[in-house]
Each structure stands twice: as C-alpha cells, then as structure tokens.
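Now for the letters of each chain:
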Amino acid sequence: MIELRNLSKSFVTSEGPVDALRHVSLTVNDGDIYGIIGMSGAGKSTLVRCINMLERPTEGSVLLDGRDLGALSKKQMQEVRRQVTMIFQSFNLLMQSTCLQNIMFPLKLIHTPKAEAEARARQLLETVGLPDKANVYPAQLSGGQQQRIAIARALATNPRVLLCDEATSALDPKTTQSILELIRQINRDTGITVIVITHQMSVVQEICNRVAILEHGAVVEEGDVSQVFSRPKAAATRALVFPEMNGQADGGQDGSGYGQLVRLVFEGSITTNKPLIASMAMDCGIAANILGASTRTVGKREYGYMLIEIPGGPDELGRALKYISAVPDVAVQVEAKYGSKEAKEA
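Residues numbered from 1 in each chain as written. Predicted model: local features only at pLDDT ≥ 70, side-chain atom pairs only at ≥ 80, totals over all residues. Heavy atoms only, no water.

Counting its secondary structure elements, the chain contains 13 helices and 14 strands. When the 346 residues of the chain are sorted by exposure, 52% land in the buried category. Taking as baseline every contact in the chain between residues at least 6 positions apart, the subset at least 24 positions apart corresponds to 69%. Accessible surface, the chain: about 16,200 Å² in total, of which carbon and sulfur atoms supply 50%. (Helix = DSSP H or I, 4+ residues; strand = E, 2+ residues; numbered from the N terminus. Buried < 20%, exposed > 50% of the residue type's maximum accessible area, 1.4 Å probe, protein only. Contact = heavy atoms within 4.5 Å. Areas by Shrake-Rupley, 256 points an atom, 1.4 Å probe, with all protein chains shown as cover.)

All right, on to the nonpolar core then. Counting residues in hydrophobic clusters, the biggest one holds 57 residues, and the most contacted among them are Ile87, Ile103, Ile149, Ile151, Val211, Phe229 and Tyr305. At six residues, helix α5 (residues 143-155) tops the list of elements feeding residues into this core. Other than its neighbours up to four places away in sequence, Ile151 contacts Ile87, Val128, Ile179, Leu182, Ile183 and Ile186. If you look at the next biggest cluster of nonpolar residues, it comprises 29 residues, including Ile36, Leu47, Met53 and Leu64. (Core = buried A, V, L, I, M, F, W, Y, C linked by side-chain atoms within 4.5 Å.)

All right, on to unusual backbone geometry then. The phi dihedral of Asn92 is positive, around 55 degrees, even though this residue is not glycine. Following the sequence through the fold, Asn92 ends up in the loop between β6 (84-88) and α3 (99-109).

As for its placement among the helices and strands, Ser97 is situated in the loop between β6 and α3. Each residue touching Ser97, except ones within four places of it in the same chain, is listed here: Asn102, Tyr137 and Pro138.

With that settled, consider the sheet that holds strand β2 (residues 16-28). Taking strand neighbours across the sheet as the criterion, the four strands line up as β2-β1-β4-β5 in an open arrangement whose pairing is antiparallel. Among the strands making up the open sheet, the edge pair consists of β2 and β5 (67-68). Bridge count for strand β1 (residues 2-13) against strand β4 (residues 59-64) is five bridges, and the pairing is antiparallel. Pairing of Arg5 across the sheet is with Ser61, part of β4. Set on the sheet, helix α1 (residues 44-51) makes contact with β1, β2 and β4; between it and β1 the angle comes to about 120 degrees. (Pairing = 2+ DSSP bridges. Axes fitted to C-alpha atoms, helices over the stretch in contact; angles between N-to-C directions.)

Take helix α11 (residues 276-284) next. Taken together, the buried positions of α11 are Leu276, Ile277, Ser279 and Met280. Take α11 and look down its axis: the buried residues cluster within an arc of 160 degrees, on one side only. In this structure, the buried residues of α11 make contact with β11 (259-267), β12 (289-298), β13 (301-311) and α12 (314-325). Positive phi appears at Gly285, one or two residues downstream of α11, with a value of about 70 degrees. (Arc of directions from axis to C-beta.)

Turning our eyes to something else, we now look at the side chain of Gln146. Structurally, Gln146 is set in helix α5. A distance of 3.4 Å separates the side chain of Gln146 from the backbone oxygen of Pro138, its partner in a polar contact. Excluding residues within four positions of it along the chain, Gln146 makes contact with Phe91, Leu93, Pro138 and Leu141. (Polar contact = N/O pair within 3.5 Å; in protein donor to acceptor, adjacent residues only side chain to side chain.)

All right, on to the pairing of β11 then. Among the nine residues that make up β11, nine are buried, leaving the element largely enclosed by the rest of the structure. Where β11 meets β13, nine bridges bridge the pair, whose relative direction is antiparallel. Of the residues in β13, the one forming a bridge with Val265 is Tyr305.

A few words now on the packing of α5 against helix α6 (residues 173-190). Across the interface, α5 lies against α6 with an axial gap of 10 Å and an inter-helix angle of 20 degrees. Here α5 lies roughly parallel to α6, going by the angle between them. Read as a crossing pair, α5 and α6 show a hand that is right-handed. Here Gly144, Gln147, Arg148, Ile151 and Leu155 of α5 lie close against α6, whose contacting residues are Thr175, Ser178, Ile179, Leu182, Ile183 and Ile186. Partitioned by chemical class, the residues of the contact of α5 with α6 number six nonpolar, four polar and one charged. (Parallel < 35°, antiparallel > 145°, perpendicular 65-115°, else oblique. Left-handed = near helix turned anticlockwise from the far one by under 90°. Nonpolar A, V, L, I, M, F, W, Y, C, P; charged D, E, K, R; others polar.)

Sheet architecture is open: six strands sit in the order β6-β7-β8-β3-β9-β10, paired in mixed fashion. Each having just a single partner strand, β6 and β10 (218-224) make up the two edges of the open sheet. Put simply, the sheet's adjacent strands are angled 15 degrees from each other on average, direction ignored. Each of β3 (33-37), β6, β7 (161-165), β8 (193-198) and β9 (210-215) touches α1; the most contacted strand, β8, lies at about 155 degrees to it.

Here we come to the environment of Val204. Position of Val204 relative to the elements: it lies in helix α7 (residues 201-207). With a relative accessible area of 0%, Val204 lands in the buried category. Between the C-alpha atom of Val204 and that of Val298, which follows or precedes it by 94 residues, the distance is 8.3 Å. The contact partners of Val204, leaving out residues within four places of it in the chain, are Gly35, Ile37, Thr198, Val211, Val225 and Phe229.

Next comes the structure, spelled out in structure tokens:
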C-alpha cells in the first residue's frame with residue numbers, strides 16, 4: 001500500500017516560490033489501477049516524481065507498506081526503486097542498444113547473471129507481444145512498440161508498483177487502447193499496483209478503478225471512478241467529465257438566460273435511451289431546454305450526460321427535480337442560476 005500524507009512541494013523560481021503540490025493525502029491499495037488526472041500545470045508529474053523520491057517533498061511523507069521513503073538511506077532507496085518502477089511519455093529507451101539489451105539493463109545494474117537476465121528479458125518480450133524484436137533497435141519500432149519495450153524493461157525487476165507518467169499521450173487512439181489493455185492484463189495477471197498520471201479522461205475511464213482529481217497542486221476530489229465520474233462535485237472534475245458542456249455553463253448563446261441549470265447523469269444503457277425530457281414536458285408541462293448531451297463508457301458501464309435549463313422559478317425547478325429523481329439510475333446535480341456569477345464558477 002502507498003500512502004501520501006500531507007504531501008507538499010515548493011520550487012524557488014526567479015519570480016518567487018511556486019507551490020507545485022499542496023497538502024496531498026491519498027491511499028493507493030495493493031492491486032489498484034489508480035488514476036491521477038488534471039489539466040496541464042496541475043502538479044501531476046511533480047506528484048509522481050515525489051512518489052518515487054526523484055523529487056524530495058518539501059513537507060509530508062510517502063509511505064510504502066508503512067515505511068517512510070524520505071527516511072531511507074541511499075542504498076535502501078535503490079532497493080525501493082526496483083520495487084517502484086516507471087514508464088514515460090517519451091519511452092526513454094537506450095537507442096544504441098537492442099530491445100533485449102534495453103530490457104536486460106536494470107538487471108545488469110543489480111548484477112543479475114547474464115543468462116538469467118536474458119531469460120527474464122525474453123520472457124518479458126513474450127509478455128508484451130514482441131518476441132521477435134529481441135535484436136531490433138528502438139528506432140526501428142513504432143511508438144506503441146517502443147512503449148511495450150519500455151513496459152517490459154520496467155517489469156524486469158519484478159516490481160510491486162508501476163508508475164505511468166503520461167505513458168500514452170504520444171500515441172494515437174488505437175495504439176493507446178492496445179497499451180491500456182496490456183497494462184490492465186499485466187495488473188490482472190501479476191497483481192502489480194499501477195498509478196496512472198494523465199490528462200486524458202479516456203485513459204482513466206478505460207482502466208482505473210479509483211481516481212484523484214488534481215487542480216493547482218491540490219486534490220479536489222477522490223474516489224471510485226464510477227462514483228466520481230457519475231456525480232462530480234468539484235468544478236475541476238466537472239470540467240474534465242463534461243468538456244463538451246463547459247461553454248454552456250457561463251450563459252452561452254444556447255440558453256435563454258431565465259432558467260436553472262441542471263446536470264443529469266444517466267447510469268446504464270436503459271436510462272440512456274429513455275426520452276426523459278419529452279416525458280417531463282408532457283407529464284409536468286415543463287419544457288426543458290437541452291444545452292448539451294453526450295454518452296461514454298466508464299469501465300464496462302454506459303453513461304449518458306445531459307445539461308438542461310429548467311425555465312421558470314423555484315416551483316418549476318422543484319417539480320422538475322421531483323419528476324427526474326423518481327426515475328431509477330438518474331443522478332441530478334443542480335447548478336447555480338443560469339447566467340449568474342455562481343453558474344460561471346460551477
């Protein structure tokens with residue numbers, strides 16, 4: 001288990017101190033695929049570098065099975081880094097070495113016998129689906145293949161934790177999908193804990209079971225992926241979950257400006273296909289204005305998202321919420337008055 005307790009990191013720049021991380025506390029359980037997501041500059045890469053102590057926190061602690069990594073000696077930390085390995089967006093392969101040599105490299109550093117290291121590397125080439133690439137150089141591979149070799153290298157020392165720092169950001173969607181499936185399969189087969197640092201919502205939706213939303217160096221929301229994505233509470237979370245609707249919540253031209261904003265999340269394909277808004281218009285006489293809608297899959301479950309404007313005042317809003325809340329598997333989130341300062345900040 002990995003625990004982050006009150007973790008903070010500050011940097012001194014020419015313009016003064018910058019707080020990259022602010023009092024971050026998280027728990028990642030063994031076997032989790034844990035997503036940490038945020039926009040550019042949120043502090044994600046600093047956080048992952050603090051987890052393996054490539055960056056020393058200014059304040060707080062990182063614990064691996066109760067051991068404070070900040071209190072370990074250099075030799076002890078070297079052992080930890082064999083247990084907590086990392087893959088990167090840029091792959092970081094040794095371009096003058098073959099794929100087999102790249103995978104053997106961390107084993108060479110710990111003086112593993114050559115025959116044993118080579119056997120392990122060939123086994124890992126099988127694991128990542130590239131058994132025929134042993135004597136090929138990285139420059140001869142596609143981006144997805146290079147990342148597979150990087151994953152194999154990260155697994156060479158039988159680590160307990162794999163850190164993925166924007167590992168699919170440089171890849172096309174199809175290749176991203178195959179790499180995510182590989183990571184999920186490795187997690188399933190070995191029980192390795194995976195921490196995924198990303199700005200891509202689709203990555204978290206695809207493979208993570210828990211997620212933390214990072215904004216300006218602080219965790220603004222955390223929990224099970226399905227719960228956080230179906231009922232986002234923080235503004236930063238809503239901006240990530242509903243990117244296609246962000247422009248609607250600030251009094252955009254698609255709304256009348258005289259109603260109340262309400263977000264709906266339809267959980268499951270049955271409710272996703274239900275004509276709820278039309279039914280409400282006929283049964284309650286409330287003609288809601290649909291400002292935006294989309295569907296997506298989180299894990300293996302389908303969700304529908306909708307932003308609507310309820311015309312009128314509190315009475316109309318109350319009737320609408322009562323009607324919608326009676327529908328199974330529909331989550332309702334009331335925003336501020338349309339066009340108000342609060343709505344712009346929501």
